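# Architecture at a glance
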Amino acid sequence: MRIGDAHVWVLTPDPENEQNYLYGLTDEAGKIDINTAALTMLELLPNITPDIAASIYNWRGTATASSGLGATDSDYTQLPDPYTAKHAPFETVDELALVKDVTPEILFNLDRNRN
């Protein structure tokens, strides 16, 4: 594929046949910033329930979701290895794994080996 003076290949495994590859571009404008996204926008993410969206919202902010959903500090402090929500912006994608009910399947989907 040619972009300006450059030639690039953007490959990903074909989910229907992993021996084949697909290529394409992702519009960066189509991505959202999880640090500033409204709760309603977080709820639109694939495989995200309203409860998980509220947990993400609660983790990054100082206020809890007005829906009454989502994990709060008391949920995290009752874990075998207790901790509290950060109440600050996410610094990495991996930090989402600390949020209640965010599983590797939700976080990485088909790219679990992150290649």
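Reference entry: report on the structure contained in this document. (Residues numbered from 1 in each chain as written. Predicted model: local features only at pLDDT ≥ 70, side-chain atom pairs only at ≥ 80, totals over all residues. Heavy atoms only, no water.)

The subject of this paragraph is the overall build of the protein. Regarding its fold elements, the protein presents 4 helices and 4 strands. Of the regular secondary structure in the protein, the N- to C-terminal order runs β-β-β-β-α-α-α-α. Relative to its full complement of 115 residues, the protein shows a buried share of 23%. For the protein, contacts bridging at least 24 residues in sequence account for 35% of all contacts bridging at least 6. Looking at the protein as shown, the accessible area adds up to about 8300 Å², and 54% of this sits on carbon and sulfur atoms. (Helix = DSSP H or I, 4+ residues; strand = E, 2+ residues; numbered from the N terminus. Buried < 20%, exposed > 50% of the residue type's maximum accessible area, 1.4 Å probe, protein only. Contact = heavy atoms within 4.5 Å. Areas by Shrake-Rupley, 256 points an atom, 1.4 Å probe, with all protein chains shown as cover.)

Once that is clear, we can look at the pairing of strand E3 (residues 11-14). Where E3 and strand E4 (residues 17-23) come together, 4 bridges link them in antiparallel fashion. Its bridge partner lying in E4, Thr12 is registered against Leu22. The loop that links E3 with its antiparallel partner E4 comprises 2 residues. (Pairing = 2+ DSSP bridges.)

Once that is clear, we can look at the side chain of Ser55. Relative to the elements of secondary structure, Ser55 occurs in helix H2 (residues 50-60). Sequence-distant contacts of Ser55, that is, excluding residues within four places in its chain, are made with Gly70, Ala71, Tyr76, Val99 and Lys100.

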